[in-house]
Amino acid sequence: MTETTGVRARFCPSPTGTPHVGLIRTALFNWAFARHHGGTLVFRIEDTDAARDSQESYEQLLDGLRWLGIDWDEGPEKGGEYGPYRQSERREIYADIAARLLAAGELYEAYSTNEEVEERRKAAGQDPKLGYDNFDRDLTDEQRAAFVAEGRAPVLRLRMPAEDLAWTDLVRGDISFPAGSIPDPVLVRNNGEPLYTLTNPVDDALMRITHVLRGEDLLPSTPRQLALYQALRRIGVTDFTPEFGHLPTVLGEGTKKLSKRDPTSNLFNYRDRGFIREGLLNYLALLGWSIADDHDIFSVDELIAAFDIGKVSANPARFDLKKAEAINATHVRALSAEEFVTRVIPYLATGGVLPEQPSEEQLSKLRAIAPLVQERVTVLSDSVAMLRFLFIDEETFAPEEDAATKVLNPDAEPVLRSAIEVLEGLPKWETSAIEQALKDALVDGLGLKPRKAFAPVRVAITGRTVSPPLYESMELLGRDVSLGRLRRAVPQ
RNA sequence: GCUCCCAUCGUCCAGCGGCCUAGGACUCCGCCCUUUCAAGGCGGCAACGCGGGUUCGAAUCCCGUUGGGAGUACCA
């Protein structure tokens, strides 16, 4: 059924709005499917709706896909022998095919308005919601001429076959729609513009697409596509019909489909927060698929090696931010120290902690502390608050207000004084010595619980109650800066 | 309304007739490790919607029912 060579899958979004995680999940599965089978991934832009499509959205699509490393073999900015790959540049093709389909009687001109259709259904005692009634199928030349004389322009509708339309869905198995349950769909507007109903199957046929993997929301449109394919085959445009697989919907909270307006759906929110591609891709792949029954952390290569469209679940999947974050955190920790540094710098720059091109000194400090931060963050931007204390100007440094009021109270005074005293006399300023000295002075000397003893020191030094390990931080900060901060933190 | 799809822990996924007193992950809760915070280790709570069949045997197959979802556009 599924050949291992010659697979041509496609991803064909409309450039409306910001890339949506559900859309990306679809792209990912198509990509994994194509790569798994050593096939071709075609990237096509469906921008036939001028009112909603935008160039900005188009660029965001490319940007998002590139960030994630989802690459395509044919498509925008890449070309290919079946181009162009933007539907807005394929108008003549659709006009030509539509004309041939019309000439062959597969399409017919329809003049009925929605109001007229409703009237007729009501008059016949039918539910007006049933939709178009195929009234114009067998209009005579005279009738058509009369409508034209009225100034009407026809839409072009596809003559649906009088038979059940069925296919074996790659995800769901056998699916069948009864004959007559789908009204003849409009393929070309009365102003001559082609609709998705025409362009999508036509391009799939022309681009020799073998496998159509798309969202479940498109499942009800499959019967009319199948019908169009039959027509296309009859007029010789193609000689085969692709296989279809309908991927589960990605839901938001509750049972609603994740809406475009929900910030959870915006791909760039994840990038901005510091999700890494390995983590996001891993999580997205879990929305409807699993690699094994005993683990769910995997690399992109493992995904490609194991991906099986037949094992994709038919259930709708809910996007769970907590789990996405947990998976991301695991991938962040798996980064090499050097890689983590490279990737975190842009976030530190955005957060105002470091310049975009850090100095050698800043870099070496960052490298030293990076491994300690790396295992403490969920997303890369978490590093900003955690590292500010290390790079900030001494004049600007001040503990966070909450932390200060909570911890730097009068009780902290003896703790801090004692810490200062012992640290001033420390012969070697290094982690283990600092640790030993502070323990001796505060825990043994003052008889404090460790929790009590180190909290004020931590807040004084790092400005926060949660930070990278304290002694290492102090070593990196240096003796002068550390002591200065401790002195300034002593409650007056 | 009509057509179609879906139905296992709160969530995602495993299970494709006996291995299931249902497994993994996230979340949550304990404990251990750590004289901070994490990470890590161990353990716990928690599910086959309901009713009929088929079968020696059903979470797994069939029918019904209930519940959810999608479509029903001269959007995609």
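Residues numbered from 1 in each chain as written. Chains lettered and ligands numbered in written order. Predicted model: local features only at pLDDT ≥ 70, side-chain atom pairs only at ≥ 80, totals over all residues. Heavy atoms only, no water.

Regarding the pattern of salt bridges
Summed over the entire model, instances satisfying the criterion amount to 37 salt bridges. The salt bridge partner of R234 is E106, with a shortest N-O separation of 2.7 Å. With R234 in helix 7 (residues 222-234) and E106 in the loop between helix 3 (91-103) and strand 3 (107-110), the pair connects residues that are 128 residues apart, well separated along the chain. The closest approach of N and O atoms between K323 and D296, which form a salt bridge, is 3.1 Å. Separated by 27 residues along the polypeptide, K323 in helix 11 (residues 321-334) and D296 in the loop between helix 9 (277-285) and helix 10 (300-306) bring together distant segments of the chain. (Salt bridge = Lys/Arg side-chain N within 4 Å of Asp/Glu carboxyl O. Helix = DSSP H or I, 4+ residues; strand = E, 2+ residues; numbered from the N terminus.)

Brief notes about the nonpolar core
Core analysis: the biggest nonpolar cluster contains 57 residues, and L438, V457, M474 and L486 have the highest contact counts within it. With sequence-adjacent residues up to four places away left out, M474 is seen in contact with L423, W429, I434, L438, V457, I461, S482 and L486. One finds L267, L286, F298 and I304 within the second-largest nonpolar core, a separate group that totals 53 residues. (Core = buried A, V, L, I, M, F, W, Y, C linked by side-chain atoms within 4.5 Å. Buried < 20%, exposed > 50% of the residue type's maximum accessible area, 1.4 Å probe, protein only. Contact = heavy atoms within 4.5 Å.)

Looking at the side chain of S418
Relative to the elements of secondary structure, S418 occurs in helix 16 (residues 412-424). When its relative accessible area of 15% is taken as the criterion, S418 is described as buried. Among all residues touching S418, those that are not within four sequence positions of it are A441, L442 and L446.

A closer look at the protein's contact with RNA strand B
Contacts to RNA strand B come from 57 residues, most closely from R189, S290, R376, P450 and R458. Counting only the atoms of RNA strand B that lie within 4 Å of the protein, the sugar and phosphate share comes to 68%. Here S14 contributes a side-chain N or O atom positioned 2.6 Å from a sugar or linking oxygen of RNA strand B. Listing elements by their share of the surface near RNA strand B, those giving two or more residues are strand 4 (155-158), strand 6 (173-177), strand 11 (317-318), helix 11, helix 17 (431-445) and helix 18 (450-462). Looking at the surface near RNA strand B, its residues break down into 22 nonpolar, eleven polar and 24 charged. (Near = heavy atom within 4 Å. Polar contact = N/O pair within 3.5 Å; in protein donor to acceptor, adjacent residues only side chain to side chain. Nonpolar A, V, L, I, M, F, W, Y, C, P; charged D, E, K, R; others polar.)

Coordinates in, geometry out; function isn't part of it.
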